[in-house]
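Report on the structure
Residue-level listing of the chains:
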Amino acid sequence: MIYIFLLSYIICTYLTYRIVRATLPFFYLLFFGVMYIGTTYGLNIDYESDVYYFFLIITFLFCYTIATVLFNIKFPISKAFKVYKSKPFIYDSNSTIRLFWFLLIISSILTVFYFYLVGSNIFIMIMNDSSQADITTARVNSYSGETYFAPGYFNQFKNVLFPVSICILLFNNVKNKKIIKFFFIPLAFLGLAGTGQRAFLMYTFLGIVISFFYIGKLKFKSLIIPSALMILSFGVGSFYLGRTQDLSFFATFDNLLTRIFYNEQSESLITFRYLYEIPISYGYDWYRGIIGILPGVKGSEIQHIVFGLIHGNPRGTAALSFIGSIYHNFGFVGVVIVSFIFGFLVNKLTFNFLKRKKEIGIVVFFSFITFYISIYSSGDVVFLFNKGVVLLMLLTVLIYNNRVWKR
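Computed from a prediction, not measured in an experiment: that's the story for all the values here. (Residues numbered from 1 in each chain as written. Predicted model: local features only at pLDDT ≥ 70, side-chain atom pairs only at ≥ 80, totals over all residues. Heavy atoms only, no water.)

Some words on the environment of Phe182
Short version of the rule: A run of DSSP states H or I qualifies as a helix once it reaches four residues; a run of E qualifies as a strand once it reaches two. Both are numbered from the N-terminal end.
Relative to the helices and strands, Phe182 resides in helix α9 (residues 177–193). Sequence separation of Phe182 and Val336 is 154 residues, and the distance between their C-alpha atoms is 50 Å.

Some words on the packing of aromatic side chains
What describes a pair of aromatic rings is the distance from one ring centre to the other and the angle between the planes of the rings. Selection rule: Working definition: rings of Phe, Tyr and Trp (its six-membered ring) pair if their centres are within 6.5 Å, and the pair is stacked with planes under 30 degrees apart, edge-to-face with planes over 60 apart, and tilted otherwise. A 1.4 Å probe rolled over the protein chains alone gives each residue an accessible area, and that area as a share of the maximum for its type sets the label: buried under 20%, exposed over 50%, partly exposed in between. Throughout this description, the term charge over a ring refers to an Arg CZ or Lys NZ atom that lies within 6 Å of the ring centre and within 35 degrees of the ring normal.
Tallying each qualifying case throughout the model produces 56 aromatic pairs. Between Phe60 and Tyr64, the aromatic rings sit 6.5 Å apart at their centres with planes inclined by 10°, giving stacked as the arrangement. With Phe60 and Tyr64 both in helix α3 (residues 48–74) and 4 residues apart, this pair spans about one turn of that helix. A ring pair is formed by Phe81 and Phe213, whose centres lie 6.2 Å apart and whose planes are at 35°; its orientation type is tilted. With Phe81 in helix α4 (residues 77–85) and Phe213 in helix α10 (residues 198–215), this pair connects stretches of sequence that are 132 residues apart. Relative accessible area serves as the criterion here: at 29%, Phe213 is assigned to the partly exposed category. A connected cluster of aromatic rings, assembled from ring pairs, spans Phe5, Tyr9, Tyr28, Phe32, Tyr36, Phe60, Tyr64, Phe322, Phe342, Tyr376 and Phe383. The side chain of Lys348 reaches across the aromatic face of Phe75, ending 5.8 Å from its centre.

Re a nonpolar patch on the surface
Using the following cut-off: Think of a patch as exposed residues, more than 30% relative accessible area, with no salt bridge, where like charges cluster within 9 Å and nonpolar side chains (Val, Leu, Ile, Met, Phe, Trp, Tyr) cluster within 5 Å. Residue exposure ignores everything except the shown protein chains as possible cover, and the areas themselves are Shrake-Rupley values with a 1.4 Å probe. Should a side-chain nitrogen of Lys or Arg be within 4 Å of a carboxyl oxygen of Asp or Glu, the pair is scored as a salt bridge.
Together, Phe55, Phe332, Val333, Ile337, Ile341, Phe344 and Leu345 make up an exposed nonpolar region whose accessible area comes to about 640 Å². Of all the elements, helix α15 (residues 322–354) adds the most residues to the nonpolar patch, at 6 residues. Inspection of the secondary structure assignment puts Phe332 in helix α15. Of the residues examined, Phe332 reaches a relative accessible area of 31% and is grouped as partly exposed.

Written out as structure tokens, the structure reads:
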């Protein structure tokens, strides 16, 4: 099955690149490969569920690619991208910059307040040489403890608005850069690394890289030192969380590769095997996930159930692939329809962005949106809310489609 998938994937990815070049629809397929090459490699042809899962993966891949081809017949993204690259970037207006200063300050205050409520910060605990057991317990308590601290709401500010506001202000070449570099950036780092969830630190870094790419200032040589620092931070976090036995480069690199190419893939496969044996929910699971965003309302429990089956403890979430989530909610027909709609929307979003002015804030917003949608091969519909995609889209409309902020 792996060879059939690889051939199909290479053809679809190459065709997509030729049509849209280095834009969101192509980036999505790159991360699609990261997710599903490892998944198809782990499939067992003797399991009916695995064969069916493979069929769903191929169906999604082809439907997404067909939607991309059809969209670009009338709205060629490659041409729009060529024109976009020649546009000069435009600094945000003074009123818009003041708004981002406000968002920065509010996000920083809420970040500090969140860790005050939780009562610990993993990075500070590491600096204080706390035990691995204490660090691991603090990490779990930060998002799944006995007391509910609304981490999903705080994360919108701590993980999304805080770093995004910093990027926008720095790209706008504002005054008072020193306070951003020596106060807000270290505070943002403490916020991103403070829960022990290493992913958001890497996500922010990659969102910034895409911002440089779209603005036209990306130089690969300048990525060497920041990339090394990110890997070092990942390695330190892995060691103190008990994921590696030492802080060596090889242990860190091995853990990073395992995290990227194996952990999520293997867990999502186990999750699909579970979903294959239970009835289709006909959208109810997505409904529960969405209403679970509200305070005090319990959301979908699928990932907690599977995590409990794997680890014997439901205080965590098992990986769930986007395709597996669609299947559980709408069956095979749903995978066909949703993959077409998703492909169309990804292309539409990209085309609309490329047609706009190259304003700093819009570019940074879309860069982070691009990254998070690119990794949306894993997760259910709530992923778009949890990662801040919906928030950034809403802010784009409110700020840049509103004449008040353009003055």
